[in-house]
2 protein chains.
Amino acid sequence: MTNNITRQDFERSFCPVACALDELGDKWTLLIIRDLLLGKKRYQEFLASPERIATNILADRLKKLESAGFVRQQPYQQKPVRCQYILTQKGKDLRPVLQVLVTWGKIYYPGSRVLDAVE
Amino acid sequence: MTNNITRQDFERSFCPVACALDELGDKWTLLIIRDLLLGKKRYQEFLASPERIATNILADRLKKLESAGFVRQQPYQQKPVRCQYILTQKGKDLRPVLQVLVTWGKIYYPGSRVLDAVE
DNA sequence: CATATCACTTGCTTATTGCAAGTGATAAAA
DNA sequence: TTTTATCACTTGCAATAAGCAAGTGATATG
């Protein structure tokens, strides 16, 4: 399910940019990926990020990220079962994208900086 | 207006990724940047892209891209005045971002390809 | 027994998107 | 001269998504 061609993949066009934006093109999804690349794994950790994502949107995005193959769920305790989110290879491979975006952003939003090290 | 710190720049947080997504985080904006990097300049050229952007959204995004300093308007005829859109340095400097995104996308959306050469 | 934590879900209001049609300036064709 | 066409949009409206506050169920802790 992680790396197959489906109808979804070519929703709008055969352009890799368009395909990527079909899955990542909003104000929140890449921030969750950023957090995952920074080592965050749990719901509360994502919620604690300074952008203050709403709980319903976080839940929705995690669901979509999982069904798009960017993350998988991994239980870290029983009673009750609680899961953390782990990047797949598809998700991990976004690191260079975030890196160049950070490089660009630090130039054009002077004073901005990443919490920890995506870079 | 192109490279100043404003309130807008830190809408959600001081993270360069969040700042970038405040201006670029949707399904259409980066596709217009892609087209501009590919050499497209005019309204009708953007409309002709395979993703079929709606006219109201294109007009809205071009307006926002201009006020965010990614593009500027340049008249190419009088009677009636018609303008084309030219990337600023801020816009041009997104090329590496698009390049790594394309590299990533060609792996994870096999069969996808860019119309011309962003890469 | 009361309070707290975690990972959500639900309800509701507001904002954004997508689609079709229309507009105004001008040129070219019938 | 009336019609048709092009270009760069704008307008209206229905559908979808976002944002906010509150609630839920399982469990642990005081």
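Right above here is the structure, for reference.
Caption draft 1: Region of interest: the interface of chain B and chain A. With 48 residues of chain B in contact, the opposing surface of chain A contributes 48 residues. Inspection of the region where chain B meets chain A yields zero salt bridges. In this structure, the connection of chain B to chain A is made through 17 residue pairs in polar contact (both at pLDDT 80 or more). Those elements that provide at least two residues to the side of chain B that touches chain A are helix 1 (16-24), helix 2 (29-37), helix 5 (89-92) and helix 6 (95-108) of chain B. The element best represented in the side of chain B that touches chain A is helix 6 of chain B, accounting for 11 residues. Considered class by class, the residues forming the side of chain B that touches chain A number 29 nonpolar, seven polar and 12 charged.

Caption draft 2: Main features of the side chain of A:Arg12. Tracing the backbone shows A:Arg12 in the segment before helix 1 (16-24). You can call A:Arg12 buried: its relative accessible area is 17%. In this structure the side chain of A:Arg12 is engaged in a polar contact, spanning 2.8 Å, whose partner is the side chain of A:Asp22. At 3.0 Å, the side chain of A:Arg12 and the backbone oxygen of B:Lys27 are in polar contact. When near neighbours in sequence (up to four residues on either side) are disregarded, A:Arg12 contacts A:Ala18, A:Leu21, A:Asp22, B:Lys27, B:Trp28, B:Leu31, B:Pro50 and B:Glu51.

Caption draft 3: Spatial organisation of the side chain of A:Gln84. Residue and element names in this part refer to chain A. By the secondary structure assignment, Gln-84 is in strand 2 (residues 82-87). Its relative accessible area of 12% is what places Gln-84 among the buried residues. In contact with Gln-84, not counting residues within four places along its chain, are Lys-41, Arg-42, Arg-72, Gln-73, Gln-74 and Tyr-76.

Caption draft 4: Inspection of the relation of the copies chain B and chain A at higher detail. Once chain B has been moved 0.0 Å along the axis and rotated by 180°, it coincides with chain A to within an RMSD of 0.0 Å. Taken together, the rotation and translation relating the two chain copies correspond to the operation of a two-fold axis. Taking the C-alpha atom as reference, chain B places B:Asp26 closest to the rotation axis, 2.2 Å from it. By residue overlap, the copies meet face to face through one surface: 100% of the interface positions of chain B are interface positions in chain A.

Caption draft 5: Fine view of the protein's contact with DNA strand D. In the neighbourhood of DNA strand D, 17 residues make up the surrounding shell, with A:Trp28, A:Asn56, A:Arg61, B:Thr55 and B:Tyr76 lying closest. Near the protein, meaning within 4 Å, the atoms of DNA strand D are sugar or phosphate in a fraction of 67%, with bases accounting for the rest. Within the side chain of B:Thr55, one N or O atom sits 2.7 Å away from a base oxygen of DNA strand D. Mapped by element, the contributors of at least two residues to the surface near DNA strand D are helix 4 (55-67) of chain A together with helix 3 (43-47), helix 4 (55-67) and strand 2 (82-87) of chain B.

Criteria and cut-off values
Residues numbered from 1 in each chain as written. Chains lettered and ligands numbered in written order. Predicted model: local features only at pLDDT ≥ 70, side-chain atom pairs only at ≥ 80, totals over all residues. Heavy atoms only, no water. Contact = heavy atoms within 4.5 Å. Salt bridge = Lys/Arg side-chain N within 4 Å of Asp/Glu carboxyl O. Polar contact = N/O pair within 3.5 Å; in protein donor to acceptor, adjacent residues only side chain to side chain. Helix = DSSP H or I, 4+ residues; strand = E, 2+ residues; numbered from the N terminus. Nonpolar A, V, L, I, M, F, W, Y, C, P; charged D, E, K, R; others polar. Buried < 20%, exposed > 50% of the residue type's maximum accessible area, 1.4 Å probe, protein only. Least-squares fit on C-alpha atoms with pLDDT ≥ 70 in both. Near = heavy atom within 4 Å.

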